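An overview of the molecular structure
Chain by chain, the residues run as shown.
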Amino acid sequence: MSIVSRRNSHSLSVPFLAGFRQASLRTRLLVILVPLIALVLAVTGIVSYLVTYDYVTIALRRNAMVHNLATAEALRNVLEESRKDVSIVAQQGLARDGMRDYLSRKAEAGGGRYLAAGMVRKDGGCTLMMSTAKGGFVDIPEAEAEDMKPSPHSILQRVRHLPDGHVWLSEVMTMRFTDPESPDMTGRLEIPAVMLAAVSDVAGERLVYFVVLDARILRNVLSLYGSEKSPIRAFVRTQEVRYSYLFNMSGWILFQSESVDTPDVPLSTYLARSSKVGTLGLPELDCAFRPEADDRFWHMLGEVRQGRQGVLEDLRPPYLTETMKEIATAYAPVSFRPAPDAAPYIWGGIAYYDVSRLTVAAGYKHIDIMFIVVIAACVLATLLIYFVSGMLTRSLRGITRAAEAMHDTGDLGPINVAAQGYEARMLEKAINSMLKRMRAQLDEIQRKDNAIRAVGMKEAVPPETFFIRPSELAERVPQIIGGGATLDALRRNILKAAQVDVDVLIVGETGTGKQLTAEAIHCNSVRAEYPFISINCGELDENLLIDTLFGHVKGAFTEARNDRLGAFREADGGTLFLDEIQLASPKVQQSLLRALAMRVIKPLGSDREVPVNVRVIAATNVDLRALFADGRFREDLYFRLNVITIATPPLRNHPENILPIAAYYLCEAGKQAGRESLALSRGAVEKLMAYRWPGNIRELKNAIIRAAVMTNHDVIQADCLLLDGREENWTTPDADRSNEGGGHEASWMTSSPSSSASANSSANASSSGVASEALSGAASAETDRQSHRPSYAESSAAREPAPEVLREPEGLNPRQQLAWRILARKGTITRREYEEAVEGDIAPRTALYDLQDMVRRQVVERVGSGPGTVYRLKRPPSR
C-alpha cells in the first residue's frame, strides 16, 4: 500500500474511531448487558416452567378423565332408569290407563319424565300418549298416532327379533308426534329424542311397549356436570369454555352441553365443531356433525369402540400456543345393558373438552421467584442504559419524533433538528435526501395514477360480473330481480303470503316494486290462473273510482248505456291490486270496508248485492297509521287490509343489487334499442354505487334506459348518467363530429323526463324506433298519464309499414279477434287502439285483461310501462 493510500485510510479511520468510541458504551450496554440479563431470566423461567408443567399436566388430565367418567356414569344411569321403566310396563302388560298411571306416579316421585309413551300392536295399530307441560299424559287418537315418526310399522320392524325381557335403544334422532296442546291436535312436534322399546305377550297378542326420552334430558346431564352446580364440583375454576359432547359409533357428534340455566334450548354442536372440518347435518338430526377422516376424533372413536377411555392431549405444549392454555379432551364409552342378565354394548361415547391455565399460573410463579433474585441487577442495568443512552441518542430521538410527526401529518418536508454527533448528522442528511427523492417520485406516481385511473374509469365492465348467484327463492319468484338476504327475505314473505288466501297490505317507498310484489303473490297463489286487476286509486276521482271498482248497471246514470262489471267482478276468482290506497276518498274507503267485510258489492244503480270471490292486495307509500288522527284514513279499513303486511325495502337498504338491477335493465334497453353490446364503464359503476337513489328501482331503471338511449357508444360513461334530477348538458362524441360536419345542434338538453321524450321525438330521424319506444316507455310515463296523449311509442308504431297478414291464433275471444286485424297489419297495438278496434263501450280494465291474456298466450309481448305501453307481436311479420 502506498504512503498516500495509508494516509487517506488513516484520516478516514479517525472519524470512524471517534464515532465508535462515542457509541461503544451504548453498544456494549445494549448488546452485552441487556441480552445477557434477558437470557438468564428466560432460561431460568423456561426450565422452571417445564418442570412444573410436566407434573401439573398429569394432574389436569387425570382430573378431566374423572370428570368425564362421572358424566358417562350419570348418562348410563338415566338410560338404565328408562330401561327399567319400559321393562316393568312390558312385563306387567299394562294397558293404556295402567301405563299412564305408572309413568305419572314415576314422574311425580322424581323419576324419568318422558316425552311420549305407548304400545304398538301386531297389525300396526298404535296407542300413543303425549306428555303435557303440566306433567300429565294426553291420549292421542289412533289416526293421529299413525303419523308419528318413527312410524308404528318401523318400530315393529326394528324389534321383531328382540328377545323377551330385552330393551331396544334407538339412536338420537328427530321424532315427530302430534302436539297435544295444539288446537284440535293439528299441530306437530319435531323433537330430537331416543326411544326405548320392549316386547311382551299380552292375552296371546304380541305388543311392543315404548317410551320416548327427550334428548335434551341427556344433554342437560352433560350441562349439569360441566356447570358450577355439578355434584362432583370440588373447587373453583377459571372462566374458560369447557364443554362435553356425545357421539355415536358411526362417527357423528350428536350434541354438546349448554348452560345449565337454559335446559330447553335446542340441541347444537357449534362448540364441538368450531375447530374441525367435516359434514354438518343428518336427515335424522340437523345439528349432527361428522369430522373429516384425518381428524384426531377418529382415534378417540376407535378407542371408545374398544371400550377404552383416555385423554387426547394437545400436541403443542401450552407455552407454544396463542392462549398458553392446557387443553385436553377426555373420552369414555357410554354403554347400555338391554337386560339385567345381558352383556352391555357400547351405545355411544362422551368427550369432555377441558381447558386450564394452571400450568401458566405455576410457570408465572416460578418466573416471579427467579425475577426477584435478579431484580437488583435489572434495575441497575436499566438505570445505566437510560441515562447513558439519553445523552448519546438525544439527536436520534429528535429525528425519530420528526419522522413520526411526518407520518401523522403526511408532510414530507425536510427534517431540521440540529443533530449532534456524526451518525446523527449523516442520518439527518440521508433522510432529507431520501425525502427529496420520494417527493419527486410521489409526484410522478400521482400523475401517472391519475392518468391510469382516468383511462380505467372509461373501460367497460362486463355485465355478467354484476349478477348475483340466484337462490332457490329467486327461481320461485322471478318477478323480483336481485339477490342477497334483504330480497330473499322479501321473497320468503311473498311465498308465505301466497300460501294463504287473505288480504295483504304492501308498504314501501315509491319505486320499490310494490306492484311487482303483488303480481308475485298472485302468480304463486292458488288464484294464479285467474285475472290480476290493478287499480291506482290516485289516478281517478271519487265517482270514477267507485264506478271502476264496483261497476254499474245500464241506466244508472246518463252515460250508462251498458252494464259495467267493475274491477271486483272482473277479478272474480283472482286478485285485485289497489295501489296508492291512501288517496282513496272517505266514501271510497266506506265502500271498500263493506266489500272487504261482507265480500259482497252493490253496483251503482242496482238494488241487488253481488257476492265476489276476490283477494285484495293494497299498497301504500305512507304510514297509514299516521293518517288516523286527522281522519284521512279509516282505522277499521286499515285493520281489514292489514292481515299480512309486506314491506318492500328501498334500494339503499340492499345496495348490493344496484349493479345487478342496472345490468338487467341495461340488457333490456339494449335489446329494445338493437344494441345488445351496451356496457357500463367503471366510472359509471362507481357513480351508480355512490348515489342514494331516493326514487329507488324506478329511478335506477329510468336512469339506465335514458343513458342507453341517449349515448351513441357501446360503453356508457359516468357523465351520461343524469342523476338527482339535475339539468345537465352533455354532447356525445358522435354528435360533436356531426356538428363539425353539418353545423346543426348536436347537444341533448335533459331537464326532465318529459323534455327527454320531446327531445328524442325531434331527433327520431337518427334514432331507431325501438330506442324511441324504450325512451317513451320509461321517461314520458308520468307526462302521458296526466295529458292522456299518445306516447311516442304509439306514434312511431303508427308510422311503421304494414306487415303481411298472419294466420289468426286459435282460442281468441271475439274482442281479441277484432284487435288481431290491427296487430296483423301494424305489428303493434296500444290499449286505446284495442278499445277503438272493438267498436264498443268496454271498460279499460276489460281491454287490459284481454291484452294480458294475449301476453300469457305468447301472442304479443309487452314493451314499456304506464300509458306508453305497447303490445307487440311475439313473432313480428317479415318485411
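Fair warning: this is a prediction, and the values are worked out from it, not measured in the lab.

Criteria and thresholds
- Within every chain, residues take consecutive numbers counted from 1 along the sequence as written.
- With pLDDT at 70 or above as the cut-off, local features in this predicted model cover only qualifying residues; side-chain atom pairs require 80 or more to be listed or tallied, and sums for whole chains, interfaces and linings still use all residues.
- The side-chain figures draw on all heavy atoms in the structure; neither hydrogens nor water molecules are used.
- Numbered from the N terminus, helices here are DSSP runs of H or I no shorter than four residues, and strands are runs of E no shorter than two.
- Only protein chains enter the calculation, and the probe is 1.4 Å; a residue is then buried if its accessible area is under 20% of its type maximum, exposed if over 50%, and partly exposed in between.
- Note on definitions: a residue-residue contact is assigned when non-hydrogen atoms from the two residues lie within 4.5 Å.
- The protein chains shown are the only cover counted for residues, whose accessible areas, like all others here, come from Shrake-Rupley with a 1.4 Å probe.
- Charge assignment in this entry is limited to Lys and Arg as positive and Asp and Glu as negative, and neither His nor the chain termini are counted.
- Within this document, salt bridges are pairs made up of a side-chain nitrogen of Lys or Arg and a carboxyl oxygen of Asp or Glu, the two lying within 4 Å of each other.
- Each polar contact in these results corresponds to two N or O atoms within 3.5 Å; when the atoms are within protein, one needs to be able to donate a hydrogen and the other to accept it, and residues that are neighboring in sequence are counted only if both atoms are side-chain atoms.
- Under the convention used throughout, the expected extent of a helix is 1.5 Å for every residue step, that is, one less than its residue count.
- A residue's bend is the angle separating two fitted axes: one through the seven residues that end there, the other through the seven that start there.
- Pairing between strands is defined by DSSP: at least two bridges between them are needed.
- Definition used in this section: a nonpolar core is a set of buried Ala, Val, Leu, Ile, Met, Phe, Trp, Tyr and Cys residues joined via side-chain atoms within 4.5 Å.
- Here the aromatic set is Phe, Tyr and Trp, taking the six-membered ring for Trp, and pairing holds for ring centres within 6.5 Å; pairs whose planes are under 30 degrees apart are stacked, those over 60 apart are edge-to-face, and all others are tilted.
- Between the N-to-C directions of two axes lies an angle of 0 to 180 degrees, each axis being a line fitted to C-alpha atoms and, for a helix, fitted only over the stretch in contact.

**Digging into the overall build of the protein chain**
Regarding its fold elements, the protein chain presents 27 helices and 29 strands. Residue burial in the protein chain is summarised as follows: out of 879 residues, 45% are buried. Within the protein chain, counting contacts between residues at least 6 apart in sequence, those at least 24 apart form 63% of the total. Just so you have it, the protein chain exposes about 45900 Å², and 55% of that area is on carbon and sulfur atoms.

**What to know about the environment of G484**
Tracing the chain through its elements places G484 in the loop between α10 (472-476) and α11 (485-499). Between the C-alpha atom of G484 and that of H654, which follows or precedes it by 170 residues, the distance is 7.7 Å.

**Looking at the environment of P333**
For P333, the location among the structural elements is in strand β13 (residues 326-336). P333 gets classed as buried once you look at its relative accessible area, which sits at 11%. Between the C-alpha atom of P333 and that of L69, which follows or precedes it by 264 residues, the distance is 8.6 Å. Those residues in contact with P333 that sit more than four places away from it in its chain are A72, R76, V304, G307, R308, Q309, I346, G348 and G349.

**Describing the side chain of E699**
Turning to its location among the elements, E699 is positioned in helix α19 (residues 696-710). With no salt bridge to any partner, buried E699 finds its closest opposite charge in R706, at an N-O distance of 6.7 Å. Here Y691 takes part through its side chain, which lies 2.6 Å from a polar atom of the side chain of E699.

**A closer look at helix α7 (residues 358-392)**
Counted at 1.5 Å a residue, the expected span for α7 with its 35 residues is 51 Å, but the 45 Å between its end C-alpha atoms falls short. A maximum bend of about 55° is found in α7 at V374. Burial in α7 covers these residues: T359, V360, A362, G363, C378, A381, I385, V388, S389 and G390.

**Things to note about the pairing of strand β21 (residues 615-620)**
Counted residue by residue, β21 has six buried out of six residues, so it is predominantly covered. On β21, burial covers both faces: R615, I617 and A619 on one face and V616, A618 and T620 on the other are all buried. As paired strands, strand β16 (residues 504-508) and β21 are joined by four bridges and run parallel to one another. Residue pairing in the sheet places V507 in a bridge with T620 of β21.

**Considering the nonpolar core**
M99, L103, V172, L218, F255, V334 and W347 are the most contacted members of the largest nonpolar core, which totals 45 residues. Broken down by element, this core gets its largest block of residues, eight residues, from helix α1 (residues 3-92). Each residue touching L218, except ones within four places of it in the same chain, is listed here: L75, V78, L79, V194, L213, F255 and W347. I533, V612, L627 and F633 belong to the second-largest nonpolar core, a separate cluster that totals 32 residues.

**Section: the packing of aromatic side chains**
Two descriptors summarise a pair of aromatic rings, namely the distance from one centre to the other and the angle between the planes of the rings. Applying the stated criterion to the full structure yields 12 aromatic pairs. Ring centres 4.9 Å apart and planes at 15° place the aromatic pair Y243 and Y353 in the stacked group. Separated by 110 residues along the polypeptide, Y243 in strand β8 (residues 243-248) and Y353 in strand β14 (residues 345-356) bring together distant segments of the chain. Note on Y353: relative accessible area 22%, which makes it partly exposed. Geometrically, the ring pair formed by Y691 and W693 is edge-to-face, given 4.6 Å between the ring centres and 85° between the ring planes.

**What about the side chain of D85?**
The residue D85 is located in helix α1 in this model. D85 sits in the buried class, given a relative accessible area of 1%. Side chain to side chain, D85 and Y102 meet in a polar contact 3.2 Å long.

**A look at helix α25 (residues 814-826)**
It helps to recall that an α-helix has 3.6 residues per turn; residues three or four apart then point in one direction. Helix length check: α25, at 13 residues, gives a terminal C-alpha distance of 19 Å against a target of 18 Å (1.5 Å per residue), a fit within 8%. Residues of α25 that are buried include every one of Q816, A819, W820, I822, L823, A824 and K826, and no others. Near the N-terminus of α25, the side chain that reaches the backbone nitrogen of R815, with its oxygen 3.1 Å away, is that of N813. Looking one or two residues beyond α25, the residue adopting positive phi is G827, at roughly 90°.

**A short note on the sheet that holds strand β27 (residues 828-829)**
Read across the open sheet, the three strands follow the order β27-β29-β28; overall the sheet is antiparallel. Edge positions in the open sheet fall to β27 and β28 (860-863), since each of these has one partner strand only. Both β27 and strand β29 (residues 870-873) contribute to a ladder of two bridges, which runs antiparallel. Looking across to β29, one finds that I829 is bridged to Y871.

**Digging into the sheet that holds strand β18 (residues 575-579)**
Within a sheet, adjacent strands bond to each other through the backbone by hydrogen bonds, running parallel or antiparallel. Strand order in the open sheet formed by five strands is β17-β18-β21-β16-β22, with parallel pairing between adjacent strands. Each end of this open sheet is capped by a strand with a single partner; those strands are β17 (532-536) and β22 (644-648). The average angle at which neighbouring strand axes cross in this sheet is 20°, direction not considered. Together, β16, β21 and β22 form the strand contacts of α11, whose direction differs from that of β22 by roughly 155°.

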